[in-house]
Amino acid sequence: MDVDTRLLRYFAAVAEEGSLTAAAERLFVSQPALTKQIRRLEDDLGVGLFRRSRSGMALTEAGRELASRVPALLDGWDEAVRATGRAARVLRLGFLDAGAVGAVHEVIAEFRQAQPQWRVELRQFDWSDPSAGLARGEVDAAVVRLPFPGQERLAVRELFVEERGVLLPARHPLANSETVEFRDLWDEPFVAAGDKPGAWRAHWLAAEERDGCSVRVGAVTSRPDVAAVAGGCVALAPASAARFHSHPDVVFRPVRGVSPSRVGLAQPRGRRHEVVLDELLEAIARRLSQR
């Protein structure tokens, strides 16, 4: 019987969290999608793995047996993937947005000259995975925006802090202001990340900095969407958005009253990897920290 490793990752997360809601947030998937995948795994195996109740997801005897074996299976598979990459001389680096990676392209170009036998793959991810591929084992390391759910399971090194501002329609009454007070935006329709609540979504809506005022969501998207802003919404964004998300009908303005965005370099904890990856990450960290 062949089982998709993603199903095993989903199972392991639910088993560890004891909750579909917590596991869905950790995996950056919707709860209905996660429920569907758990049922698919149970169908594939022909056994029930969980007892579902209002208090959460409790493992059955069969579920406990699988849970005792899955971590070793996944660690073995992840090591096989990394070993394959090492054999092919490939390093995979995830990122979310061009503003965060900044001069990384220059660092990679220098690395390729010094280590021509190695290939570096830059992989961009959208807001549906703020770990930039690390949560699902798709990259060796990633340049990430902090905070994001699950970062405590990773080795994270903060590199620099970037102020957040707001993208506004050019016709907006505040568009000509030098600086915007966040309080003046509370009643505006905001662009939100994803269609489910979570720490990442809340951070980019500054939900905890509204003194209890509820968020009005005007559009939901998987990445910064200037079209939604041009259409009448507003969106919090890092200052670099002014360079990378230009649109004739959108302006960027600094905002007072919201915390900044922190950019970090993350990688799995305690896993064997090539020395050249350490050298590359150290070079990236030095360059980005000089911003």
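Before reading further, recall that the structure is shown in the block above.
In every chain, residue numbers begin from 1 and rise along the written sequence. Per-residue local features of the predicted model are confined to residues with pLDDT of at least 70, and side-chain atom pairs are confined, for both listing and counting, to 80 or more; whole-chain, interface and lining totals are unaffected and use all residues. Heavy atoms from the whole structure form the basis of all side-chain values; hydrogens and water molecules are not counted.

> Honestly, the overall build of the chain in this entry has me stumped. Any pointers?
Helix numbers and strand numbers start at the N terminus; a helix is a DSSP run of H or I with at least 4 residues, a strand a run of E with at least 2. A tally of helices and strands in the chain yields 10 helices and 13 strands. C-alpha atoms define the radius of gyration, and 2.2 Å times the number of residues to the power 0.38 defines the globule rule. Whereas a compact globule of 291 residues would reach a radius of gyration of roughly 19 Å, the chain reaches 21 Å, a difference of no more than 12%. For the chain, the spread of C-alpha atoms along the three principal axes comes to 60 × 55 × 25 Å. Each of the 291 residues in the chain was classed as buried or not, and the buried ones make up 46%. In what follows, a contact means two residues having at least one pair of non-hydrogen atoms within 4.5 Å. Long-range contacts, defined as pairs at least 24 residues apart, comprise 74% of the intrachain contacts of the chain with a sequence gap of at least 6. In this tally Asp and Glu are treated as negative and Lys and Arg as positive; neither His nor the chain ends contributes. Where a charge lies is defined by one atom per residue type, namely NZ (Lys), CZ (Arg), CG (Asp) and CD (Glu). Of note, the chain has its 40 positive side-chain charges centred 2 Å away from the centre of its 40 negative side-chain charges. Only protein chains enter the area calculation, which uses a 1.4 Å probe; residues under 20% of their type maximum are buried, those over 50% are exposed, and those in between are partly exposed.

> Just checking my understanding: could you explain helix H3 (residues 31–45) for this structure?
What sets the pattern is the α-helix's 3.6 residues per turn: residues three or four places apart point alike. The length a helix should cover is 1.5 Å for every residue beyond the first. Here H3 spans 21 Å end to end across 15 residues, near enough to the 21 Å set by a 1.5 Å rise per residue. Listed as buried for H3 are Leu34, Thr35, Ile38, Leu41 and Glu42. Buried residues in H3, looked at end-on, bunch into an arc of 120°, giving them a common side. Facing away from the buried surface of H3 by more than 90 degrees, the exposed residues are Pro32, Lys36 and Asp43. Arc, as used here, means the arc of the directions from the helix axis to the C-beta atoms.

> Sorry if this is basic, but what is going on with the sheet that holds strand E7 (residues 164–169) here?
Strand pairing in a sheet is mediated by backbone hydrogen bonds. Such pairs are either parallel or antiparallel. Read across the sheet, 4 strands follow the order E8-E12-E7-E11 without closing on themselves; strand pairing throughout is mixed. In this open sheet, the two edge strands, each paired with only one partner strand, are strand E8 (180–181) and strand E11 (235–238). Strands were regarded as paired on the criterion that DSSP finds at least two bridges between them. Examined bridge by bridge, E8 and strand E12 (residues 250–256) share 2 bridges and lie parallel to one another. Each residue of the ladder has a partner; that of Glu181, found in E12, is Arg256.

> Quick question: what am I supposed to make of the pairing of strand E2 (residues 56–59) here?
The side chains of a regular strand alternate between both faces of the sheet. In the sheet, strand E1 (residues 50–53) pairs with E2 via 4 bridges, with the strands oriented antiparallel. Note that in E2 the partner of Arg52 across the bridge is Met57. Between E1 and E2, which follow one another and run antiparallel, lie 2 residues.

> For this particular structure, what's the right way to read the sheet that holds strand E5 (residues 141–146)?
Spatial strand order, E4-E3-E5-E13-E6: 5 strands in an open sheet with mixed pairing. Each of the sheet's edge strands pairs with one partner strand only, and the pair in question is strand E4 (119–124) and strand E6 (154–162). Neighbour-to-neighbour, the strand axes of this sheet turn through a mean angle of 20°, independent of strand direction. Pairing analysis gives 5 bridges linking E5 to strand E13 (residues 261–268), with the strands arranged antiparallel. Its bridge partner being in E13, Val144 is matched across the sheet by Gly264. To get an axis, a line is fitted to the C-alpha atoms, and for a helix only the part in contact is used. The angle between two axes follows their N-to-C directions and goes from 0 to 180 degrees.

> Help me out: how do you make sense of the state of the cysteines in this one?
Here a disulfide denotes one covalent bond, and it connects the sulfur atoms of two cysteines. By convention in this document, the label disulfide applies to cysteine sulfur atom pairs within 2.5 Å. In total, this model carries 0 disulfides according to the counting rule given. Distance from the sulfur of Cys213, which forms no disulfide, to the nearest cysteine sulfur (Cys233) is 16 Å. Here Cys233 falls in the buried class, since its relative accessible area comes to 9%.

> Can you help me understand the side chain of Arg92 in this one?
In this structure, Arg92 sits in strand E3 (residues 90–95). N or O atoms within 3.5 Å of each other form a polar contact, as long as, within protein, one can give a hydrogen and the other can take it, and as long as residues adjacent in sequence are counted only when both atoms are side-chain atoms. Within the structure, Arg92 has its side chain in polar contact with the backbone oxygen of Glu138 (distance 3.0 Å). Other than its neighbours up to four places away in sequence, Arg92 contacts Val81, Glu121, Arg123, Gly137, Glu138, Val139, Asp140 and Ala141.

Such coordinate-based values are descriptive only and should not be taken to indicate function.
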